[in-house]
Structure formats: C-alpha cells, structure tokens
Amino acid sequence: MTAPESAPSNFIKDIITEDNKTGKYRGRVHTRFPPEPNGYLHIGHAKSICLNFGIAAEFKGLCNLRMDDTNPTKEEVEYVESIKQDVRWVGFDWQERMYYASNYFERFYECAVDLIKKGRAYVCDLSPDEMRQYRGTLTEPGKESPYRGRSVEENLDLFERMRKGEFPDGSRTLRAKIDMTSGNINMRDPVIYRILHSEHHMTGDKWCIYPMYDYAHCISDSIEGITHSICTLEFEDHRPLYDWFLDELGMYHPQQIEFARLNLTYTVMSKRKFIQLVEGGYVRGWDDPRMPTISGLRRRGYTPESIRNFCDRIGVAKAASTVDMALLEYCIREDLNRRAPRMMAVLRPLKIIITNYPEDKVDELDAINNPEDPSAGTRKVPFSRELYIEQEDFMEDPPKKFFRLAPGREVRLRYAYFIKCVDVVKDGAGNITELHCTYDPATRGGDAPDGRKVKATLHWVSAEHSLAAEVRLYDYLFAQPNPEEGTGDKDFISKLNPKSLEVLQDCRVEPGLSGASPGNKYQFERLGYFCVDQDSSPEKLIFNRTVTLKDTWVKIQNANK
RNA sequence: UGGGGCGUCGCCAAGCGGUAAGGCACUGGUCUCUGGCUCCAGCAUUCGGGGGUUCAAAUCCUCCCGCCCCAGCCA
C-alpha cells in the first residue's frame, strides 16, 4: 500500500472516528472498492479508490477490491483486467482480497430462500410492462401484485424451478415483500432475482437467475465484514433497502455512507457517454489522451501521484460539485515540475542561420536537466550554424510587450549565445522562410561578460543534429465548461472542441531524446510537459502534450484582443 | 403534487453558538538563462432569502426560494 500521505479530513472520516470512539465495529475499519466490470475506470472512480483505500490505510484497516458482477449481459473479463491494472497504477494494493460478487451466488440464493420462508419474498409473474404499471409513479402509490399472496411452499417451488431454468427470461422474478405505497420507490416490492439465460464471465452457465444490485451489494458487504460501505449520492434512496435486507436476514450490518461523485469541467464522466465518444469515432478509444479515463490520463502523461494529490485536494462532501479542470492541471504541473527532465524541442520550426558562425563547427554546450533538482545533473547540447527556433518566437513587427526575437533585436538562445537578427528572408509569397542572425562568441553559455541583458531566452535545436518527431497537442475535449448541462441525449456531442487534437508532424527535438521510450516524461522548455506515446518508436518519435506550461504571454495577447 | 439529499468567494471546501481556514482560478509585485518555478500581497463586513431565539447565529428554531437524485427484470 502506498504511504498514506494523510489527506484532509471529511465527514466520512469523522463518522469513522466517531464509530471507533463508540466501538461500533470494535475499532475495525474495512472498506471496499466495488466497480462493475462493464467499462473502464475514470477519474471519478479514482476519487472513490483514493477514498476507500486511503481511509483503510489511514485507519489501519483493510480495503477489498470487489467486482460487482451480478449482470452477466454487461460484464466482461477484459474489464476485470483493466480495472485491476488501473487500481494498481493509481497506487493501491488489495493484497489477497480480490473478490467477486459472483463468488457469493450460492449464498445469495440461500438468503433468498430464507427470505421466502420468512414470508418476505415472493415469486411474481408480472411482465416487465405490467410491473411498471403496478409500481405507480413518483406521486401515486403502487398497487400490490396479484402474485403477492402466494404461499411460502409455492414460492419455494417456483423459485427453485426458476433456478433450474424452467422459465424463460423475463417471465418471473423474485421480489421482496415490502410496501407498494412507500414514497421511496425502491421499497415498492423491488426485484431481487431476475431470469437471465446468459453466460457469466465467472460462473459460465451455472446460473440462469441473477441477483439485483440492491440485494447482492449489502449481502456482499456483510459477508466480507465491511464496516463502512461508501458509495455515491444516487444510492442514498437505496439505503433503506440495504438496511432492510440485512435486518430481515439478521446478518452483520455495515453502514452505507454516500458522498458526491466527481464532475470535471470541459469533460463528461459517464460510461454511456464514453461509449458514444468511442463508437462515434470522436476519440480514438477508451485510452485516448483526451479521455478522463484512468487509461487516458495515463497515456496523456498524468502520474499516479498527481491524481492522488488531486483526489486529496478536491475533498469529499455531499454537495453536487463540478471541479475546475484547472485544478487537475495544477496537480500534474506541480508534480512534473519537480520530476520531469527538461529538454528542448521546436514544434513549429523556423530556420536560423548564424552568419558569423563557422560552417562545419559544432559546439557542445552544457544544459541543466532540471533546475528544481540539482541531482538530475547536466547534459551536452550541440550547437551549429543552422538552427531552428519556434516560429512564434519571432515577429517582424512586434507589438509592445513582445520580448522575443525581432529584426535588429538581441535575445539569448538558452544555454548557448546571444544572437541578433540581422535579416529576414522571405519566399515569393512573402512568407518568412529563414532568419539570418549573428552571434556574440563572448556570450557562450548564455551570459554577457559586459553585463548586457536581453529580455528573452529562446529554446532552440541544431538543425543538423535534431531529431524529427510527431507531437500531438491536446486541448479540452469539450469547448464548453459544462457539456453535460442541457437536456438532449446527444447534445453533448455538439459541444465537442474541434481543436481538442492537433497533430504536428514536422517537429524537431534535441538529440538527447533519441532513446526516449513510451511513458517517459519531459518538460519541453517553455512549452509544456510531454510524454512519449505508446505509438512511438526509435524510428518515429511521438510525443503527447500532457499540459502546457502556464503562459503569461498568451494571457497578455488575449487581454489585448 | 410523493420520497431522499444539497445550498459558505468564479470552482472546490473547512466551520458543529463566540464573531468566515485552506487550495485552485484571478489580480498586482518579486525573482529569473524557461514570459515556467519560487516568494510576497490582494481577493466573502459575509454564509440561498425572510422572520425568530440568544449578550452573541454560517452554526439553533421557523417559513420561503433554488438545485440534484429516484418510476431498469442496470449498477
């Protein structure tokens, strides 16, 4: 388990502290993270993972990983594996406590028989449509099913035959006998078991009846000795049912506690919407670096540390909230600033000829790998007569606050020399094709002996020595802060950011990046944090931009618009 | 119109009757061989609104307003 870098307190921890004080669970703290293996985990799950595993660690308790696999029609082994990988990657260890709700199927069945014997459950023959009608509405009470009065013997017989596969899908259900007039619709004789002749990823064709979430979840928690069953707000209405089952069954009773799920600006956070994005071809897959999935964030260059830190910072409460994406970005910048080695890369190259520099001379200059970390050391960077700088670092007719290169102006090339632009070369169409500059040999290393100052330092690469690379620039997936607001089912698609991905093919990076392998993270000086994509190869380097550096210059430009 | 929740700074979020923490964002400034980082300063006389209780209320009572969730044999 990762060292519990103690997160701030919250109402859930307060409850646990209080329970420990009163001895409610004899000081025991046991949580669980219970995903349904029907999709990939996202940053919202990370919040839950950090909460559950974090609490267990902090209170010296345990946290189980449990697959909530009670619906064979939606769940697949592929997801089980990705979930395990993601939880591990985020930084937590369930040790030997990997569980499956499907492991408890026999136990669930026995409990159901018990409920029937206690007159608390019955087999109902209502069709799905009829059941909906009998259920009533939010404002009108429901009506009791005509099958509600069946004898215990008949229910026992019918339920056993349901298990044996004597009835077709949807023909019958096992229901809890509670209260059809309850204001809480979950209490209006909820279905406990449904018939599903479907192959289960764990139990194969052993079963053709499967338990419902409300029924299976509380019993699973009880079996595992969970003390605090933490879930999201929408299950608040289900808590009475959770309690009802356990009380009727006379089983050990964990406490369900609900908290608000995470929402983030400029993205969506539901499995259903992810599927639409993937299947609609709007993103390249579940692990597209623009996706808020754990796998997407990982590929984007986010670190587990940054995500855990983010989860600690957002807090845990009951108010529906949408966290500013800027906070997530802050967390990854903070982490990478500390750890990422610096490199120079030119995304949109503009050629520069140093006219007073010898044609075949190559100089090796010392560059600092990470100013935040002296132990990262230094490296050599080749300098020659022909270089590339960033197109946006030169302006022929610079506005007031533009400090970078311009005709006649002197700037510093990082770790190299002061250069002065003496000529602008253009093609027939008037496009700038290259710049002629002169350098001052006395400024080698980047400082002028005469104390002369420049207002800007530019990053650069040697034309001859630099490596070609593809760089993928990512921006927010959506153009609006809240793409989920509004009604229409497909509305959010229209809010996609057309500029969420820009692929640059002709980038040049310094030679030190030749051995970079997938997952490696760097700061490209003055540009942002980048990581090597899994598609990258020694022949073709591919980088993903994780996040830009904060940029005061773009702010100034935007302010002047 | 039923049931369950929630409303404290642009976004999160502490606070639990004693006179509004913190973070992000933002704005200035400092520093700087990254217009990055660091550092400093500013940023709610006010807690959805109205009444009430109290020497004292974001915290207690009351009424009102607003927002979220629930009518799957999904989780």
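Scoring rules and cut-offs
- Residues numbered from 1 in each chain as written.
- Chains lettered and ligands numbered in written order.
- Predicted model: local features only at pLDDT ≥ 70, side-chain atom pairs only at ≥ 80, totals over all residues.
- Heavy atoms only, no water.
- Domains from an automatic or database assignment.
- Contact = heavy atoms within 4.5 Å.
- Buried area = accessible area lost by both parts, 1.4 Å probe.
- Salt bridge = Lys/Arg side-chain N within 4 Å of Asp/Glu carboxyl O.
- Polar contact = N/O pair within 3.5 Å; in protein donor to acceptor, adjacent residues only side chain to side chain.
- Helix = DSSP H or I, 4+ residues; strand = E, 2+ residues; numbered from the N terminus.
- Nonpolar A, V, L, I, M, F, W, Y, C, P; charged D, E, K, R; others polar.
- Axes fitted to C-alpha atoms, helices over the stretch in contact; angles between N-to-C directions.
- Parallel < 35°, antiparallel > 145°, perpendicular 65-115°, else oblique.
- Left-handed = near helix turned anticlockwise from the far one by under 90°.
- Core = buried A, V, L, I, M, F, W, Y, C linked by side-chain atoms within 4.5 Å.
- Buried < 20%, exposed > 50% of the residue type's maximum accessible area, 1.4 Å probe, protein only.
- Pairing = 2+ DSSP bridges.
- Phe/Tyr/Trp six-rings, centres within 6.5 Å; stacked < 30°, edge-to-face > 60°.
- Lys NZ or Arg CZ within 6 Å of the ring centre and 35° of its normal.
- Near = heavy atom within 4 Å.

## Considering the domain arrangement of chain A
Split by domain assignment, chain A resolves into domain 1 (11-261), domain 2 (271-341 + 469-560) and domain 3 (347-459). Here the C-alpha centre of domain 2 lies 36 Å away from the C-alpha centre of domain 1. The interface is formed by 26 residues belonging to domain 1 together with 24 residues belonging to domain 2. Between domain 1 and domain 2, a total of about 2,100 Å² is buried, with carbon and sulfur atoms accounting for 70% of that surface. Looking only at domain 1, the three residues that lose the most surface to domain 2 are Tyr40, Ile43 and Trp89, adding up to 34% of its buried area. In this structure, the connection of domain 1 to domain 2 is made through three salt bridges. Between the two partners, domain 1 and domain 2, sit seven residue pairs in polar contact (both at pLDDT 80 or more). For the side of domain 1 that touches domain 2, the secondary-structure elements that each account for two or more residues are helix H1 (11-22), helix H2 (43-58), helix H3 (77-90) and strand E9 (255-259). The element best represented in the side of domain 1 that touches domain 2 is H2, accounting for six residues. Tallied by class, residues from the side of domain 1 that touches domain 2 come to 14 nonpolar, six polar and six charged.

## Thoughts on the packing of helix H4 (residues 105-117) against helix H8 (residues 239-249)
For the pair H4 and H8, the least separation of the axes is 10 Å and the interaxial angle reads 75°. With respect to H8, the element H4 is oriented roughly perpendicular. In this structure, H4 uses Cys111, Asp114 and Leu115 to contact H8, whose residues at the interface are Phe245, Glu248 and Leu249. For the contact of H4 with H8, the per-class residue count stands at four nonpolar, no polar and two charged.

## A look at the packing of helix H7 (residues 213-223) against H8
In contact at an axis separation of 9 Å, H7 and H8 are set at 60° when each is read in the N-to-C sense. Relative to H8, the element H7 lies oblique. With respect to the hand of their crossing, H7 and H8 are arranged in right-handed fashion. Packed against H7, whose contacting residues are Asp214, Tyr215, His217, Cys218, Ile219, Asp221 and Ser222, the element H8 presents Leu241, Tyr242, Phe245, Leu246 and Leu249 at the interface. Looking at the contact of H7 with H8 residue by residue, the class counts come to eight nonpolar, two polar and two charged.

## Looking at the nonpolar core
Core analysis: the biggest nonpolar cluster contains 39 residues, and Ile43, Ile49, Phe53, Val87, Leu264 and Phe310 have the highest contact counts within it. Of all the secondary-structure elements, those providing two or more residues to this core are H2, strand E2 (62-67), H3, strand E3 (98-100), strand E10 (262-264), helix H10 (294-300), helix H11 (304-314) and helix H12 (325-339). With six residues, the single largest contributor to this core is H2. Core analysis: the second largest hydrophobic core is formed by 38 residues, Leu115, Ala121, Ala176 and Met187 among them.

## Points about unusual backbone geometry
Residue Arg26 is not a glycine yet carries a positive backbone phi of 55°. One can find Arg26 in the loop between H1 and strand E1 (30-33). Owing to a relative accessible area of 74%, Arg26 belongs among the exposed residues under this scheme. Even without a glycine there, the phi angle at Lys60 is positive, about 55°. For Lys60, the location among the structural elements is in the loop between H2 and E2. Residue classification places Lys60 among the exposed residues on the basis of a relative accessible area of 76%.

## Quick look at the sheet that holds strand E20 (residues 432-439)
Pairing in this open sheet of seven strands is mixed, and the strands run E21-E18-E19-E20-E14-E17-E22 from one edge to the other. A strand with exactly one partner marks an edge of an open sheet, and here the two such strands are strand E21 (457-458) and strand E22 (460-462). Both strand E18 (residues 410-413) and strand E19 (residues 418-426) contribute to a ladder of three bridges, which runs antiparallel. What sits directly across from Glu410, in E19, is Lys420.

## Details of the packing of aromatic side chains
Throughout the structure, instances matching the rule amount to 27 aromatic pairs. On the basis of an interplanar angle of 80° and a centroid distance of 6.0 Å, the ring pair of Phe105 and Trp207 is categorised as edge-to-face. Taken together, the residues span a long stretch of sequence, with Phe105 in helix H4 and Trp207 in the loop between strand E6 (191-195) and strand E7 (209-211) at a distance of 102 residues. Assessed through its relative accessible area of 2%, Phe105 is described here as buried. The structure contains a cluster of three or more aromatic residues connected by ring pairs, namely Tyr104, Phe105, Phe108, Tyr109, Phe159, Tyr193, Trp207, Tyr210, Tyr215, Trp244 and Phe245. Over the ring of Tyr134 we find Lys143, and its NZ or CZ is 4.7 Å from the ring centre. Here the guanidinium or amino end of Lys273 rests over the ring plane of Phe492, the centre of that ring lying 5.5 Å away.

## Here's the deal with the protein's contact with RNA strand B
Surveying the vicinity of RNA strand B reveals 66 residues, the closest of which are Arg342, Arg404, Arg412, Arg414 and Gly445. Here RNA strand B approaches the protein such that, of its atoms within 4 Å, sugar and phosphate make up 63%. In the environment of RNA strand B, a phosphate oxygen lies 2.9 Å from a nitrogen or oxygen atom belonging to the side chain of Arg135. Contact distances for RNA strand B include 3.1 Å between a sugar or linking oxygen and a side-chain N or O atom of Asn337. Listing elements by their share of the surface near RNA strand B, those giving two or more residues are helix H5 (128-135), E6, H11, strand E11 (321-323), H12 and helix H13 (552-559). Here the surface near RNA strand B is composed, by residue class, of 25 nonpolar, 18 polar and 23 charged.

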